[in-house]
Amino acid sequence: MDTLTKLNVFVLVLSAVLLAMACVKADRVRAWREGINPSAPEVPDASFTVARVVLVAMAGLGVYSALQGFGVSDDLAWSEGELTSAVRGATDDLDGFTFQVDQADTPLYFDDYKSLIEDKVAENGGGDAPQTGVSAEPSDTDTPTEANLTVTAHGTDKAFCAHVVRVRSKAHDYTPPGITGGVGTLTYPGYRLTVETREGAC
């Protein structure tokens, strides 16, 4: 249970307490006051009426705020089903994904496999899923050629292992035009990804 959800539950409990206070009979309150301070002036019925209205209004406001808070909490958290669907969609998008690398073997269009998978999972989350909160943690033995990343998301304990393999694809080499507009002399090697996912951490 995250902090926002805990706060919403606390507000609901507080609202219930306020409603219980509003239901206490006036005679019981008078008897309680008389037992503590017999010389205290008697509280008129109108004061009890006003107090009940205030307590009920505060309780109603608390319930409304908690319900709104639960909605916000749901918008910020992933469900198991949302993450499962998003990972499957991301796997389909990335299996066969092509790109080029520069002379330092760095991909031209994304930073690393971690950011690439996180972005693709978020994109495939659907309208009800958050666009943030996805994490793809690489393994210690990962290389540019092969990697295993554990995919998780805020709000669920579900985890997936994404196995990524980079395959050389000369058909996707890219040679930019030369300075004079002719054929360039620098070629960026092309690669294709094969991606598989399974349930559970890597």
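For the structure itself, look to the data block above.
Residues numbered from 1 in each chain as written. Predicted model: local features only at pLDDT ≥ 70, side-chain atom pairs only at ≥ 80, totals over all residues. Heavy atoms only, no water.

1. Some thoughts on the nonpolar core
Moving on, step 1. By size, the foremost hydrophobic cluster in this structure holds 26 residues, and its most contacted members are Trp78, Ile117, Val121 and Val151.
Moving on, step 2. Listed by contribution, the elements that provide at least two residues to this core are helix H4 (80-94), helix H5 (113-123), strand S2 (134-138), strand S3 (146-153), strand S4 (156-168) and strand S5 (190-199).
Moving on, step 3. Counting residues per element, this core draws most heavily on H4, at five residues. (Core = buried A, V, L, I, M, F, W, Y, C linked by side-chain atoms within 4.5 Å. Buried < 20%, exposed > 50% of the residue type's maximum accessible area, 1.4 Å probe, protein only. Helix = DSSP H or I, 4+ residues; strand = E, 2+ residues; numbered from the N terminus.)

2. Examining a nonpolar patch on the surface
Moving on, step 1. Residues Leu7, Val9, Phe10, Val13, Leu14, Val17 and Met21 make up a contiguous nonpolar surface patch of roughly 620 Å² in combined accessible area.
Moving on, step 2. As for its position among the elements, leucine 7 is in helix H1 (residues 3-22). (Patch = residues over 30% accessible without salt bridge, like charges linked within 9 Å, V, L, I, M, F, W, Y side chains within 5 Å. Areas by Shrake-Rupley, 256 points an atom, 1.4 Å probe, with all protein chains shown as cover. Salt bridge = Lys/Arg side-chain N within 4 Å of Asp/Glu carboxyl O.)

3. As for the pattern of salt bridges
Moving on, step 1. Counted under the stated rule, the structure contains seven salt bridges.
Moving on, step 2. Between arginine 168 and aspartate 173 there is a salt bridge, with the nearest N and O atoms lying 2.7 Å from each other.
Moving on, step 3. Residue class for arginine 168 comes out partly exposed when judged on its relative accessible area of 37%.
Moving on, step 4. Looking at aspartate 173, the relative accessible area reads 28%, which means it is partly exposed.
Moving on, step 5. Residues participating in the shared-partner salt-bridge network are Glu80, Lys158 and Glu199.

4. Brief notes about the pairing of S5
Moving on, step 1. Bridging between strand S1 (residues 98-100) and S5 involves three bridges; their strand directions are antiparallel. Directly across from threonine 98, in S5, lies its bridge partner arginine 192. (Pairing = 2+ DSSP bridges.)

5. Let's talk about the packing of aromatic side chains
Moving on, step 1. Evaluated as defined, the whole model comprises six aromatic pairs.
Moving on, step 2. With a centroid separation of 6.3 Å and an interplanar angle of 15°, the aromatic rings of tyrosine 174 and tyrosine 188 are classed as stacked. In this pair, tyrosine 174 is assigned in the loop between S4 and S5 and tyrosine 188 in the loop between S4 and S5, connecting sequence segments 14 residues apart.
Moving on, step 3. An aromatic cluster of three or more residues is present, and its members are Phe97, Phe99, Phe110, Tyr113 and Tyr191.
Moving on, step 4. The ring of tyrosine 191 carries arginine 166 above its face, with NZ or CZ at 4.0 Å from the centroid. (Phe/Tyr/Trp six-rings, centres within 6.5 Å; stacked < 30°, edge-to-face > 60°. Lys NZ or Arg CZ within 6 Å of the ring centre and 35° of its normal.)

6. Observations regarding the packing of H4 against H5
Moving on, step 1. In contact at an axis separation of 8 Å, H4 and H5 are set at 120° when each is read in the N-to-C sense. Taken as axis vectors, H4 and H5 run oblique relative to one another. H4 and H5 meet at a crossing whose hand is right-handed. Here H4 contributes Leu83, Ala86, Val87, Ala90, Asp93 and Leu94 to the contact with H5, which in turn contributes Leu116, Ile117, Lys120 and Val121.
Moving on, step 2. The residue inventory of the contact of H4 with H5, partitioned by class, reads eight nonpolar, no polar and two charged. (Axes fitted to C-alpha atoms, helices over the stretch in contact; angles between N-to-C directions. Parallel < 35°, antiparallel > 145°, perpendicular 65-115°, else oblique. Left-handed = near helix turned anticlockwise from the far one by under 90°. Contact = heavy atoms within 4.5 Å. Nonpolar A, V, L, I, M, F, W, Y, C, P; charged D, E, K, R; others polar.)

7. Focus on unusual backbone geometry
Moving on, step 1. For aspartate 105, which is not glycine, the phi torsion reads 65° and is therefore positive.
Moving on, step 2. As for its position among the elements, aspartate 105 is in the loop between S1 and H5.
Moving on, step 3. What makes aspartate 105 partly exposed here is its relative accessible area of 32%.

Note that all results are geometric; they support no functional claim without further evidence.
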